[in-house]
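# Summary of the model geometry
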Amino acid sequence: METTIKINVPEDLMSLCTIYNIQPQKVLECFAKNVSFPRYYTDVNGKNRWATLFFLQLLDGKEDETETDIGLEEHYLQHFNDTLAIQMEEHNDNGVKAREAGRNVIRNWQKAVIAGRAKYILDGL
Amino acid sequence: MKTKTNHHLVHIPLEFRIACSIYKLNPQEVLQIFINHATVYDSTADGYSEGFSEASKTIGLYVVSRRRTANGSHAYDHCLESTALNFKGIHDITKRQIGSAAAKRKSTLCYINELYNTMDRVYTKSDTFYLDENTTLHFTKDFTVMCELHNCYPAEYLENFMSRISLAEMEAKTSLKIPNDNFTMAFFMKIVLGFGMANDEVPDLNEEEIAFVKEATELRVRLFTIRSLQQRKAAFTELYHNRYQQIIN
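About the cut-offs
- Position numbers for residues start from 1 in each chain and track the written sequence from start to end.
- Lettering of chains starts at A and numbering of ligands starts at 1, both following the order in which they are written.
- The predicted nature of this model means local features are confined to residues of pLDDT at least 70 and side-chain atom pairs, given and counted, to a pLDDT of 80 or more, with totals for whole chains, interfaces and linings taken over all residues.
- Going along the chain from the N terminus, every DSSP run of H or I of four or more residues is numbered as a helix, and every run of E of two or more is numbered as a strand.
- In this scheme the burial state of a residue depends on its C-beta neighbours within 10 Å: 20 or more other such atoms mean buried, 12 or fewer mean exposed, and anything in between means partly exposed; the C-beta positions come from the backbone.
- Whether two residues are in contact depends on their C-beta atoms, placed from the backbone: they are in contact if these lie within 7 Å.
- Residue classes follow a fixed rule: Ala, Val, Leu, Ile, Met, Phe, Trp, Tyr, Cys and Pro count as nonpolar, while Asp, Glu, Lys and Arg count as charged, and any other residue, Gly among them, counts as polar.
- A domain assignment, automatic or from a database, supplies the domain bounds used here.
- Throughout this description, the term nonpolar core refers to a group of buried Ala, Val, Leu, Ile, Met, Phe, Trp, Tyr and Cys residues whose C-beta atoms join them within 7 Å.
- Looking at any residue, its pLDDT shows the predictor's confidence there, from 0 to 100.

The next point concerns the overall build of chain B. Across its full length, chain B carries 13 helices and 2 strands. Its C-alpha atoms give chain B principal-axis dimensions of roughly 60 × 50 × 35 Å. Taken across its 249 residues, chain B has 32% of its residues classed as buried. Taking contacts inside chain B between residues at least 6 apart in sequence as the whole, the part at least 24 apart equals 69%.

Residue-level contacts link 7 residues of chain B with 11 residues of chain A. Counted by class, the side of chain B that touches chain A contains 3 nonpolar, 1 polar and 3 charged residues.

Attention shifts here to the domain arrangement of chain A. Each assigned domain of chain A is listed with its residue range as follows: domain 1 (1-34) and domain 2 (35-123). When each unit is reduced to the centre of its C-alpha atoms, the spacing between domain 1 of chain A and domain 2 of chain A is 25 Å.

With that settled, the discussion passes to the nonpolar core. Core analysis: the largest hydrophobic core is formed by 51 residues, its most contacted members being Ala19, Phe34, Ile35, Ala38, Val145 and Met146 of chain B. Counting contributing residues, this core receives three or more from each of domain 1 (14-163) and domain 2 (168-178 + 196-248) of chain B. Ignoring anything within four residues of it in the chain, the contact list for Ala38 of chain B reads Ala55, Ser56, Ile59, Asp142, Phe143 and Met146 of chain B. Listed in part, the 9 residues of the second largest apolar core include Tyr40, Phe80, Leu84 and Val105 of chain A.

On to the confidence of the model for chain A, then. On average, residues of chain A score 91 in pLDDT, and 96% of them are at 70 or above. When mean pLDDT is compared element by element in chain A, helix 1 (residues 11-20) of chain A scores highest at 97, while helix 6 (residues 96-123) of chain A scores lowest at 91.

Our next topic: the domain arrangement of chain B. Residue and element names in this part refer to chain B. Split into domains, chain B comes out as domain 1 (14-163) and domain 2 (168-178 + 196-248). If you average the C-alpha positions of domain 1 and of domain 2, the two centres end up 31 Å apart. Contributions of two or more residues to the side of domain 1 that touches domain 2 are made by helix 1 (14-22) and helix 2 (27-37). Broken down by element, the side of domain 1 that touches domain 2 gets its largest block of residues, 4 residues, from helix 2. Its residues assigned to classes, the side of domain 1 that touches domain 2 shows 3 nonpolar, 4 polar and 2 charged.

Laid out in structure tokens, this is it:
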């Protein structure tokens, strides 16, 4: 999916981008590509783990104003963990199948979150 | 067959050993700091005194859970009247509005001395306790009086104190933002930061230790997807156990 985002590139990042001749856009794309629960949790020591760790740290530090549905979160995280564990056990394929199965769980979680929000809006009508 | 517990021996639980070795503390030193801060005064006083309150209330909580003194303290059977007067003296001091906690604690000492001198020792045969052949703990008069008063062996207090120390549990609760009411653990963490220590310099870390700190930091972030306290505790227990194995090998 492609989306346009407008961000303020801080001086420190801008300087580095200029020095090393890298587009800020490239940096963020690279970061975005690596934020992935299915990939991180099937290879926690992989060399691309940092972006997801950064994201997790962000989640850990966030206060409750993001209004995450805790019930859904607990349910789907548990389901996600179990799915990965089962798939990793069953297939000896460096986590390929597990990643796909894990991604499916997250997709369903996302659907559930959207459904929840839509319900909130529709009920208000 | 009922097995007889040897009250002259103290069993040091693995979790406590682990916590001490991770923070390079000597178990004997930690236990001695605990003993030195447990006082009759702080068991009854209302205000908070750093270290003293935690140590004394750890014993208080244990004593309440055991309910051993239905028929009174054995050590004071023979001198109930003077004992009552001494406790009244201590009680009056705790209720005083003026004076610092340290000063008030000090003024209870004359009553503690009296209680110490009049008791018939039942649970504390000596003021020196052998952890092993070469390490000893020294009981304060306050501590000894608290053992006799509540009909408890010193080893019970020590074991109860140690049983409340668990890094894994603390980590799991903190990371799940579950309020932690274990003040004994909070006391231990104060000792980690130098409270009551003769030498409160924080030791430098070697390469292996730095690697462990990094590993632990990453694990704390990774465990985000685990929302159950039990599972998180298990993960931290594994981390610390592995590290402990590394340290002792």
